[in-house]
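# Summary of structural features
Take a look at the letters that make up each chain.
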There are 4 protein chains.
Amino acid sequence: MTEANTRQRAARTDKRRNRSHILGVAERYFTEHGVSESMNAIAKLAGVGPGTLYRHFPNRDALLAALLQARSDELKARRDAIRREVHDSTAALAQWLEALGHWATAFDGLPEPLRLALNEGSSPLALTCQGYVTITDEFLSAAHRDGGARPTVRGKDLFLNVLAISWVREAALADETSGGALEDIMRAGWAT
Amino acid sequence: MTEANTRQRAARTDKRRNRSHILGVAERYFTEHGVSESMNAIAKLAGVGPGTLYRHFPNRDALLAALLQARSDELKARRDAIRREVHDSTAALAQWLEALGHWATAFDGLPEPLRLALNEGSSPLALTCQGYVTITDEFLSAAHRDGGARPTVRGKDLFLNVLAISWVREAALADETSGGALEDIMRAGWAT
Amino acid sequence: MTEANTRQRAARTDKRRNRSHILGVAERYFTEHGVSESMNAIAKLAGVGPGTLYRHFPNRDALLAALLQARSDELKARRDAIRREVHDSTAALAQWLEALGHWATAFDGLPEPLRLALNEGSSPLALTCQGYVTITDEFLSAAHRDGGARPTVRGKDLFLNVLAISWVREAALADETSGGALEDIMRAGWAT
Amino acid sequence: MTEANTRQRAARTDKRRNRSHILGVAERYFTEHGVSESMNAIAKLAGVGPGTLYRHFPNRDALLAALLQARSDELKARRDAIRREVHDSTAALAQWLEALGHWATAFDGLPEPLRLALNEGSSPLALTCQGYVTITDEFLSAAHRDGGARPTVRGKDLFLNVLAISWVREAALADETSGGALEDIMRAGWAT
DNA sequence: CATGAATGAGGGTTCATTCAT
DNA sequence: GATGAATGAACCCTCATTCAT
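Residues numbered from 1 in each chain as written. Chains lettered and ligands numbered in written order. Predicted model: local features only at pLDDT ≥ 70, side-chain atom pairs only at ≥ 80, totals over all residues.

In this section: helix H10 (residues 155-171) of chain A. The periodicity of an α-helix, 3.6 residues per turn, causes residues three or four positions apart to be oriented the same way. Spanning 17 residues, H10 of chain A covers 25 Å between terminal C-alpha atoms, matching the ideal 24 Å at 1.5 Å per step. Counting buried positions along H10 of chain A gives 15 out of 17 residues, so the element sits mostly inside the fold. (Helix = DSSP H or I, 4+ residues; strand = E, 2+ residues; numbered from the N terminus. Expected span 1.5 Å × (residues − 1). Buried ≥ 20, exposed ≤ 12 C-beta atoms within 10 Å, placed from the backbone.)

Before going further, it helps to examine the interface of chain C and chain D. On the chain D side, the residues contacting the 28 residues of chain C number 28 residues. The set of elements that each furnish at least two residues to the side of chain C that touches chain D consists of helix H7 (111-120), helix H9 (155-171) and helix H10 (177-190) of chain C. A class-by-class count of the residues in the side of chain C that touches chain D yields 17 nonpolar, 5 polar and 6 charged. (Contact = placed C-beta atoms within 7 Å. Nonpolar A, V, L, I, M, F, W, Y, C, P; charged D, E, K, R; others polar.)

Of the transformation placing chain A onto chain B, the axial shift is 0.1 Å and the rotation is 178 degrees, giving an RMSD of 0.4 Å. On the angle and the small slide along the axis, the relation comes out as a two-fold axis. Across chain A, the rotation axis passes nearest the C-alpha of glycine 189 of chain A, at a separation of 1.7 Å. When the interface residues of chain A are mapped onto chain B, 100% of them again fall at the interface, so both copies present the same face. (Least-squares fit on C-alpha atoms with pLDDT ≥ 70 in both.)

What follows deals with helix H6 (residues 60-85) of chain D. All names here are of chain D. Here H6 is 26 residues long and its end C-alpha atoms lie 37 Å apart, about the 38 Å a rise of 1.5 Å per residue gives. Along H6, the helix axis deviates most sharply at alanine 70, where the bend reaches about 35 degrees. For H6, the elements touching its buried residues are helix H3 (19-33), helix H7 (89-104), helix H8 (111-120) and helix H9 (124-145). (Bend = angle between axes of the 7 residues up to and from the residue.)

What follows deals with the confidence of the model for chain A. Regions with low pLDDT should not have their predicted coordinates read in detail. All names here are of chain A. Confidence in the prediction of chain A, expressed as mean pLDDT, is 87, and 89% of residues score 70 or more. The weakest mean pLDDT in chain A belongs to helix H1 (residues 2-6) at 37; the strongest belongs to helix H7 (residues 89-104) at 96. Low pLDDT (under 50) marks residues 1-13, which in the prediction has 1 contact with non-local residues, meaning those over four places away or in another chain. (pLDDT = per-residue confidence, 0-100.)

In this section: the relation of the copies chain C and chain D. Least-squares fitting of chain C to chain D yields an RMSD of 0.4 Å, with the transformation described by 0.0 Å of translation along the axis and a rotation of 178 degrees. A share of 100% of the interface residues of chain C reappears at the interface of chain D, consistent with the copies meeting face to face through the same patch.

Residues and elements named next belong to chain A. For the pair helix H6 (residues 60-85) and helix H9 (residues 124-145), the least separation of the axes is 9 Å and the interaxial angle reads 20 degrees. In terms of axis orientation, H6 runs roughly parallel to H9. In this structure, H6 meets H9 at a crossing whose hand is left-handed. Taking contact as the criterion, the partners of Asp61, Ala62, Leu64, Ala65, Leu68, Ser72 and Arg79 in H6 are, on H9, Pro124, Leu125, Thr128 and Ile135. (Axes fitted to C-alpha atoms, helices over the stretch in contact; angles between N-to-C directions. Parallel < 35°, antiparallel > 145°, perpendicular 65-115°, else oblique. Left-handed = near helix turned anticlockwise from the far one by under 90°.)

What follows is about the domain arrangement of chain A. All names here are of chain A. The domain boundaries assigned to chain A delineate domain 1 (2-56) and domain 2 (60-190). Listed by partner, the interface residues are 9 residues for domain 1 and 10 residues for domain 2. Here the residues of the side of domain 1 that touches domain 2 sort into 5 nonpolar, 3 polar and 1 charged. (Domains from an automatic or database assignment.)

A word on the interface of chain A and chain B. Across the contact, 28 residues belong to chain A and 28 residues belong to chain B. Only helix H8 (111-120), H10 and helix H11 (177-190) of chain A provide two or more residues apiece to the side of chain A that touches chain B. The residue inventory of the side of chain A that touches chain B, partitioned by class, reads 17 nonpolar, 5 polar and 6 charged.

Okay, here's the thing in structure tokens:
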């Protein structure tokens with residue numbers, strides 16, 4: 001307390017120690033230690049008080065949502081690229097699902113809160129998820145039209161399947177092949 | 001109250017406060033409140049001290065493994081029944097996977113420790129899982145021989161897929177259809 | 001959004017975001033949620049930063065004092081009315097104490113800081129309280145002169161008694177009669 | 001952590017560091033710093049972990065109730081003594097109220113939780129309070145019979161009045177006479 | 001072999017107040 | 001003058017696990 005107090009407060013108000021700094025630190029820590037890293041720990045690591053962290057992100061989901069937002073642009077760009085470049089609707093869906101799988105594997109433990117969010121709807125993550133379900137549905141519709149996907153398959157199911165595979169993947173340290181294998185099964189499962 | 005009570009209790013519960021009694025209570029509690037129910041709570045509910053609980057089951061996974069052991073007989077019986085009664089190897093595999101799905105949904109939150117166990121190997125759950133992977137492989141081999149299953153699919157992958165679907169299912173309160181949909185996809189994914 | 005919003009807000013709220021606006025909001029909030037409502041919350045509700053709030057009112061007591069100031073006019077008017085209209089000094093004192101009780105019940109949790117202020121003297125509330133003690137003393141003196149009040153009773157004691165009854169009242173949700181009962185006791189206690 | 005760990009655990013399991021030790025420490029601390037001393041602080045001062053404190057007393061009210069229990073015996077003894085020795089029912093009631101006032105002034109800040117408990121009923125303090133209200137009613141009944149107390153006065157009101165006076169008293173550091181003055185008023189208020 | 005008190009790190013969260021901008 | 005981000009101590013409480021009895 002003494003040390004902290006005597007240090008110039010000005011130094012701490014530094015611009016780098018703001019939202020984006022916290023995000024950066026959180027990104028790094030979630031990447032390394034998974035999303036269940038304690039909020040206090042993140043605050044400490046970011047060099048801010050817990051209050052500051054909570055000011056920016058009122059709960060873990062909000063922080064997570066912000067973190068994923070950054071990747072959202074990437075993912076949206078990927079969607080656009082697929083739309084532009086991949087004219088086979090079946091291949092397009094496959095590529096989109098792959099991109100989605102990538103996204104859901106960003107941090108260890110990410111699939112869990114996503115799954116929860118999808119059901120509760122009250123989380124800031126819910127919106128994000130819903131958006132991706134919708135996009136999945138769009139790709140899927142095209143595939144349905146072209147006869148490339150089994151008609152009973154729904155976008156939400158594919159999204160959940162991707163989530164589930166990511167969930168398997170994250171812990172399957174001992175066997176890196178399992179993730180791919182499940183993707184193959186899923187692929188064969190929805191394709192005609 | 002203390003003395004009299006203790007003595008009486010000691011005499012009365014001589015037998016009941018043993019392994020199987022704890023198991024019964026834990027079964028009930030895990031069923032109702034999920035596997036993350038506090039160990040202390042289970043001990044208290046079982047009328048034993050935490051020490052006694054830990055004497056019998058050195059950690060949560062051990063308790064879980066013991067609990068699943070009880071269902072193991074059931075599952076093994078199911079396997080035998082399938083072997084006896086279902087002569088189409090593809091249908092047999094399908095029914096086995098269904099039984100497995102049932103097993104993995106016994107308690108809320110069960111898929112998580114199972115997934116972890118599968119990778120670490122050190123957990124008492126690992127053995128249990130390994131056993132089921134093996135059985136799955138047996139059914140799968142038959143299906144492979146008969147051309148009913150895609151040759152690249154492995155037993156471990158199917159086991160993980162079942163686990164993953166159970167994981168999705170347990171939280172998908174809002175949409176009970178998702179579990180079934182994922183099962184369909186998986187089925188179409190491994191079948192030829 | 002940030003820039004445009006800020007400028008617009010700055011222009012629009014030039015006047016509203018001043019002392020009296022804050023007071024209005026605080027009044028509403030203290031009335032609804034009691035005096036321990038967080039300072040930050042009030043600031044936010046008033047649409048100002050906490051800094052602004054603190055500029056006007058260096059602490060909660062100062063805010064409270066300002067709030068009570070507004071009611072002070074009311075109370076002073078009541079005093080004047082009693083002086084004018086009630087010629088029996090005993091009845092006058094009784095009516096004044098009733099008015100005082102009303103005042104002390106303005107916000108939930110008000111009696112506490114008032115009691116504290118009365119002892120510390122350093123609080124802005126202290127002055128307010130002292131003023132009312134003085135007025136009480138005036139009414140009491142008249143009653144003493146006319147033999148309507150026991151001579152040993154002091155104004156400060158009556159003020160504290162009123163405060164104490166208000167304190168009882170605010171939590172006595174289960175029994176609305178207690179407040180009145182205590183008032184009766186007090187009345188019988190000071191009257192001859 | 002290192003230090004604490006290396007210290008023999010045996011030393012900490014010492015008999016003095018049990019319930020009564022905690023009570024002793026709490027008693028001292030509540031006496032010196034009032035009842036709002038943080039639970040963690042008390043635990044630390046008692047040389048136990050917060051968990052130990054919470055094991056014995058699940059919340060602050062429980063701790064308070066236990067602390068008051070010790071004084072309860074004293075108070076009950078006082079009641080018996082009054083019954084035996086004071087044959088004038090009015091004087092008996094007066095003395096009982098005085099004893100009650102003493103009890104309610106045991107710790108700084110005690111009246112507040114007592115008042116709350118009286119309304120909510122769910123607190124362990126509620127029972128204690130109810131008991132004293134009942135005793136007050138007994139003394140009051142006798143006084144009513146003998147015409148020494150105004151018939152409209154109820155035991156609960158007197159209890160609350162005593163509480164309120166204790167509340168006034170605890171902060172009236174600047175003026176020790178206020179408490180006594182309020183007692184006089186109350187006395188004159190209920191007596192005929 | 002059973003007991004259950006003790007441990008104590010750790011978790012999430014709040015809020016009065018300051019101060020650089 | 002106004003702003004509002006930052007501060008960080010404090011609070012309450014939980015729980016897996018140990019170990020003296």
